[in-house]
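Listed below are the residues making up each chain.
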Amino acid sequence: MNGTTPAGEDGLFCPSAQPDVTNGVVIGVVGGSPGEPRVTYLDEPLPVTPDLLALAAPVHPTEVFRMGAPCVRSACQHFEGTRCALVRQLVAGIEPAAQELPRCGLRSRCRWWREEGVAACRRCPIVVTEVPNPTEEMARAARPAGQVRDPRPPHRGTRPEAGPRPP
Ligand code: SF4
């Protein structure tokens, strides 16, 4: 992340943004298969440009790239109170896809990492921003804030999965 990239109000980035948002960055490349996607993260996020998005043609950029952008907090349907309900729902409803913490250039400024720590990073590689045929679990996790009942107590901090902790 270069020093001139504007961050969200609290300095954090959403790691699953659309390509047309302001100040977006490419954070990873989607590999695997349509049924089992796997994101490989860039060591350094790259600013989204028309030329970069054009590399995805003929498919939609979100099928090829994972993009991040400054978190817009309450302007996002997934934001609830002071936190991201999407990552909370992903951690609650999706099994980890990776045992190791993925190498990721966004981490120091990632909202998901800051809120859910290693539990978020272990699920993040299977998140594709727009999925035509999501699994039932993924579709449920991606519902807007307030539409999924979380059995865990609210704002209980990082899920206790072994691994490094966010700052
Ligand atoms: S959740 Fe983890 S792996 Fe995903 S973008 Fe954030 S820091 Fe990177």
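Above this text you will find the structure in question.
Since this is a predicted model, take the numbers as computed values, not measurements.

### Quick look at the overall build of the protein chain
Inference 1: When helices and strands are tallied, the protein chain shows five helices and six strands.
Inference 2: Out of the 167 residues belonging to the protein chain, those deemed buried represent 35%.
Inference 3: Pairs at least 24 apart in sequence give 75% of the contacts found in the protein chain among residues at least 6 apart.

### Regarding the nonpolar core
Inference 1: Core analysis: the largest hydrophobic core is formed by 36 residues, its most contacted members being Phe 13, Met 67, Val 87, Trp 112 and Ala 120.
Inference 2: The set of elements that each furnish at least two residues to this core consists of β1 (13-14), β2 (25-32), β3 (37-47), β4 (65-70), α2 (85-93), α3 (111-116) and α4 (118-123).
Inference 3: When neighbours within four sequence positions are excluded, Val 87 is seen to be in contact with Trp 112, Glu 115, Glu 116 and Ala 120.

### Comments concerning α2
Inference 1: Among the nine residues in α2, seven count as buried, and that is most of the element.
Inference 2: Three or more residues of α2 are buried, namely Ala 85, Leu 86, Val 87, Arg 88, Gln 89, Leu 90 and Val 91.
Inference 3: Buried residues in α2 make contact with β5 (79-80), β6 (83-84), α3, α4 and α5 (136-141).

### Concerning the sheet that holds β1
Inference 1: Taken in spatial order, the four strands make up an open sheet running β1-β4-β2-β3, and their pairing is antiparallel. Edge strands, defined here as strands with exactly one partner in the open sheet, are β1 and β3.

### A short note on the site of the ligand
Inference 1: As a matter of local geometry, the ligand sits amid 13 residues, with Pro 15, Cys 104, Cys 110, Cys 121 and Cys 124 nearest to it.
Inference 2: When contributions to the shell around the ligand are tallied by element, the ones reaching two or more residues are α3 and α4.
Inference 3: Here the shell around the ligand is built from residues that sort into twelve nonpolar, no polar and one charged.

Thresholds applied
Position labels on residues start from 1 in each chain and follow its written sequence. pLDDT decides what is reported in this predicted model: residues at 70 or higher carry local features, side-chain atom pairs at 80 or more are listed and counted, and totals for whole chains, interfaces and linings draw on all residues regardless. Helical segments are the DSSP runs of H or I of at least four residues, strand segments are the runs of E of at least two, and each set is numbered from the N terminus. Residues are called buried when their C-beta atom has 20 or more other C-beta atoms within 10 Å, exposed when it has 12 or fewer, and partly exposed otherwise; all C-beta atoms are positioned from the backbone. Note that contacts rest on C-beta atoms placed from the backbone: two residues are in contact if these are within 7 Å. Note on definitions: a nonpolar core is a set of buried residues drawn from Ala, Val, Leu, Ile, Met, Phe, Trp, Tyr and Cys, linked by C-beta atoms within 7 Å. At least two bridges found by DSSP between two strands is the condition for calling them paired. For each residue, a C-beta atom is placed from the backbone, and the residue counts as near a molecule or strand when that atom lies within 6 Å of it. As a working rule, the residues Ala, Val, Leu, Ile, Met, Phe, Trp, Tyr, Cys and Pro are called nonpolar, Asp, Glu, Lys and Arg charged, and the rest polar, with Gly in that last group.

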